[in-house]
Amino acid sequence: MLKSKTFLKKTRAGGVMKIVREHYLRDDIGCGAPGCAACDGAHEGPVLEPQPLDPASSLCPRPHYLLPDTNVLLHQILSVWRPGTWASVASSLRLPGSLETYVEQEQGENANDRNDRAIRVAAKWYNEHLKKMSAENHLQVIFITNDKKNKEKAIEEGIPAFTCEEYVKSLTANPELIDRLACLSEEGNEIESGRIIFSEHLPLSKLQQGIKSGTYVQGTFRASRENYLEATVWVHGDTEEDKEIILQGLKNLNRAVHEDIVAVELLPKNQWVAPSSVVLHDEGQNEDDVEKEEERERILKTAANEKMLKPTGRVVGIIKRNWRPYCGMLSKSDIKESRRHLFTPADRRIPRIRIETRQASALEGRRIIVAIDGWPRNSRYPNGHFVKNLGDVGDKETETEVLLLEHDVPHQPFSQAVLSFLPKMPWSITEKDMKDREDLRHLCVCSVDPPGCTDIDDALHCRDLGNGNLEVGVHIADVSHFIRPGNALDQESARRGTTVYLCEKRIDMVPELLSSNLCSLRCNVDRLAFSCIWEMNHNAEILKVRFTKSAINSKASLTYAEAQMRIDSAAMNDDITTSLRGLNKLAKILKKRRIEKGALTLSSPEVRFHMDSETHDPIDLQTKELRETNSMVEEFMLLANISVAKKIHEEFSEHALLRKHPAPPPSNYEILVKAAKSKNLEIKTDTAKSLADSLDQADSPTFPYLNTLLRILATRCMMQAVYFCSGMDNDFHHYGLASPIYTHFTSPIRRYADIIVHRLLAVAIGADCTYPELTDKHKLADLCKNLNFRHKMAQYAQRASVAFHTQLFFKSKGIVSEEAYILFVRKNAIVVLIPKYGLEGTVFFEEKDKPKPRLIYDDEIPSLKIEDTVFHIFDKVKVKIMLDSSNLQHQKIRMSLVEPEIPGVSISADTPNMDIDEPERKKKKREK
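The structure contained in this document is the topic of the report that follows.

This part is about the pattern of salt bridges. Scanning the entire structure with this criterion turns up 47 salt bridges. Here Arg324 and Asp347 are joined by a salt bridge, their closest N and O atoms 3.9 Å apart. Highlighted residues: Arg324 in the loop between β10 (313-320) and β11 (326-331) and Asp347 in the loop between β12 (340-345) and β13 (353-356), separated in sequence by 23 residues. A residue is classified by how much of its surface remains accessible, and Asp347, at 9% relative accessible area, is buried. One continuous salt-bridge network, built from bridges that share partners, spans Arg324, Asp347, Arg349 and Glu406.

Turning our attention to the packing of aromatic side chains. Scanning all chains against the criterion turns up 11 aromatic pairs. Ring centres of Phe724 and Phe732 lie 5.4 Å apart, and the angle between their planes is 50 degrees; this geometry places the pair in the tilted category. Side by side, Phe724 and Phe732 carry an identical accessibility label, which is buried. An aromatic cluster of at least three residues, connected via ring pairs, comprises Phe703, Tyr705 and Tyr821. The aromatic ring of Tyr723 is capped on one face by Arg659, whose charged end is 4.5 Å from the ring centroid. Above the plane of the ring of Phe724 lies Lys660, whose end atom (NZ or CZ) is 5.6 Å from the centre.

What follows is about the nonpolar core. Across soluble globular proteins, nonpolar side chains show a tendency to be buried alongside one another. Residues Leu514, Trp534, Leu580, Phe636, Leu657, Phe745 and Ile756 are the most contacted members of the largest nonpolar core, which totals 89 residues. In this structure Leu580 touches Cys446, Val448, Leu558, Ala563, Arg566, Ile567 and Met632, once residues within four positions along its chain are discounted. In this structure, Leu672, Ala675, Leu695 and Leu823 belong to the second largest nonpolar core, which totals 29 residues.

Further remarks concern the sheet that holds strand β4 (residues 140-144). Ordered by their spatial adjacency, three strands build an open sheet running β3-β4-β5, and the pairing between neighbours is parallel. If you trace the sheet from one side to the other, it starts and ends with β3 (64-68) and β5 (161-162), each paired once. Pairing geometry for β4 and β5, over two bridges, is parallel. What sits directly across from Ile144, in β5, is Phe162. In this fold helix α3 (residues 111-130) packs onto β3 and β4, with an angle of close to 165 degrees to the strand it touches most, β4.

Attention shifts here to the state of the cysteines. Inspection of every chain in the model, using the stated rule, returns zero disulfides. With no disulfide of its own, Cys446 lies closest to Cys444 among cysteine sulfurs, the gap being 6.6 Å.

Glancing now at the sheet that holds strand β34 (residues 869-872). The strand order across the open sheet built from three strands is β32-β33-β34, with neighbouring strands paired in antiparallel fashion. On the outer flanks of this sheet lie β32 (855-858) and β34, each paired with one strand and no other. Neighbour-to-neighbour, the strand axes of this sheet turn through a mean angle of 15 degrees, independent of strand direction. Relative to β34, strand β33 (residues 863-866) runs antiparallel, the two sharing four bridges. For Leu864, the partnering residue across the bridge sits in β34 and is Phe871.

This paragraph deals with unusual backbone geometry. Note on backbone geometry: most residues besides glycine have negative phi, and most peptide bonds are trans. Note the cis peptide between Ile861 and Pro862, where omega equals -20 degrees. Along the chain, Pro862 falls in the loop between β32 and β33. Residue Asn680 is not a glycine yet carries a positive backbone phi of 60 degrees. Of note, Phe874 is a non-glycine position whose phi angle comes to about 80 degrees, a positive value. Along the chain, Phe874 falls in the loop between β34 and β35 (876-884). What makes Phe874 buried here is its relative accessible area of 1%.

So, on to the side chain of Asn630. Within the secondary structure, Asn630 is located in helix α16 (residues 628-651). Ignoring sequence-local partners within four residues, the contact set of Asn630 consists of Tyr560 and Glu625.

Turning next to the environment of Lys320. Inspection of the secondary structure assignment puts Lys320 in strand β10. The partly exposed category is assigned to Lys320, whose relative accessible area is 48%. Taking the C-alpha atoms as reference, Lys320 lies 6.9 Å from Val262; in sequence the two are 58 residues apart. The residues contacting Lys320, other than those within four sequence positions of it, are Asp260 and Ile261.

Rules used throughout
- Residues numbered from 1 in each chain as written.
- Predicted model: local features only at pLDDT ≥ 70, side-chain atom pairs only at ≥ 80, totals over all residues.
- Heavy atoms only, no water.
- Salt bridge = Lys/Arg side-chain N within 4 Å of Asp/Glu carboxyl O.
- Helix = DSSP H or I, 4+ residues; strand = E, 2+ residues; numbered from the N terminus.
- Buried < 20%, exposed > 50% of the residue type's maximum accessible area, 1.4 Å probe, protein only.
- Phe/Tyr/Trp six-rings, centres within 6.5 Å; stacked < 30°, edge-to-face > 60°.
- Lys NZ or Arg CZ within 6 Å of the ring centre and 35° of its normal.
- Core = buried A, V, L, I, M, F, W, Y, C linked by side-chain atoms within 4.5 Å.
- Contact = heavy atoms within 4.5 Å.
- Pairing = 2+ DSSP bridges.
- Axes fitted to C-alpha atoms, helices over the stretch in contact; angles between N-to-C directions.
- Disulfide = S-S within 2.5 Å.

Next up, the structure:
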């Protein structure tokens, strides 16, 4: 049946245009309920759940389906309801297109009221229709709405209707579900105290007006990990120098949460502050202790010279909330029988969240997920609700799940839709595969990787051409042959962006059949590759370069140690060893030339865990040893990436996916320059070349580890390298590599960026065809944004995994004392690095319930004087290391000063620390 509506509209030119809107209504759409004789054969698409909801409800004793209104769905979307609960929604919301349930907007009726009426009509139709089923199968449809008027009208019309809270409370078999309801409003959940803590957020219209006029600035709120009373706002679209605004104090933070988009009012210059050097964590109890907050805020205000002051502001409104579900632990209230408790997120940048739950005893000592619902003006903390119980704190699987969730790492098993695009086994190279592909299976190709590597991306070869020159080839897994643009496998790989390597497991970007088998360049099997082949002279100068799709057969899969042993062994002169020696010789020349151009050789302490074969607990921890072969592989991967970057940019000047590393602003180097100066060394930072040369010359015969420490500190000064689209940026330079252009081509098994680069290169050499998204610079820019985010999160997840396994290691090892070097001095602490374990930690000098030592902090040198002992950056100290379990939520490696000896501050190396058994003491106290 066709219904039409006609109306007239005036055009810009002053004419009148007739507009006709048509609705096609059908009378053959089924209700979706299985077993409905009236609709038999009329079902299209998804049907309702075969089993309706469990009738264990004191309000709805009969089997029933739920029909929630749109607002309920949107409001409760973060809650973890079992999927079948809302299974009827998709079918129900399609019914307004049918003849019986279509409603037109009445005169004077707004769109929201019309939608409410449409859902009531659908609910009423359902209940009438389902009465036609046999008595034993008679089902009800229950209307769920939190709108008071909508509910009243539904009841007047004879529709069973309840609020979300009423219905959930009636579920006698699942009383715990009430905890998972999102709060209805901020006002209804404010604490009893009427005291206003925060100023009111301005409405969006005023914020937009203020931003337009320049009264306010808009930016991303970034909470500090080290100081919960401090944050920065990165202003959108501003100049590089004036990008950062500091916020200090609870009232100036004004209920903003990490990653929110906020509007900020700049304070007058006489109220500007310097970034605080105090390490301050929120260790408050369950009460809203605002007086203590004000006392802590006074600690932040330190005398600072004018050049240290930064633009300072206060949050006046929230433009966009970026809340997500948060992992953490329940801090159970000390008040007996209390249902109101504080939740402490695992991420220190997120404030504690007040939740109501009847399951506090069962959730204590567990990792849980909580969602924020709102933040009233008179509450120290936001309100939220319990979502999910993840498992026991400290359990390896639980903690791994937490760090994956917290860093937004997609880690669910690959769906059947994705797996359906994998090649069928057994697989082999066909004649079709060899079209536009060079057969290089005769070459003596080998791979060099870390021990246990199964996703082998790259292999190399080097051979004498007989004309006085050498042929060198880098062969990269041809993943793009298996992952075609636009299908489910491609979309999932793009979403994941990168493989994430944790200490005990790997979260693959592509299914294992590809990552560890068909794409992995394992030895003695035929594999498809994308090859970059140079003709070089013996001075590593490139005479020619060509790119080709290829088929290879690797002759050996070696570890770095095995490859090094072959190079060093005088007894070995086979083809593989000869190839490796040629590669190693050329790599040394390439590296020397790169460094001469100003490439930086930086340092970061990486650790490797040796796991128990049965328990998989770490039994040994050591810093990774780097050999010549590590550098050999790295040099040729860098060279391939640079060569490919030039080629794809030549062919696609506007659409090349490249990688750049911005030069740090001069202010980033302040700490490095000051640290070197304290050791009578000069570090020049005006160019990458001068920095590299300064680092090379910064040696001390009496302090051989000094140069490594300087390079570690220099790493902390660097900006993040990022992917970008060449048509959306003018600055291509890679600062760290001193290269004018760079990309990622060499790891397509574990990086999606490399897959796009392979596709661009394939089109450039005529080995594959293009597709619209590949040459859409806006889509490529969006893809780069996701890849940069995924890459950053993967790095953070990896560090969190190392931190957790380090805790496990020291839990079994007990208390140890080791030599350490100071990396940073703070106002009340020193940050130290322990070379033996590549471990970083903070030694605090102000602790609760202990006499406070006399501390004098000097930011200019920088130094920290404790009693009569002065500490500078890079000073050698001895610290005691132990696992501190006093805070189950934030279990951490705790360090205490052993040497130099300072009365009342340092401790004996064999003194046990009483605080590490605090949870056990509290437990016994409660039991008494």
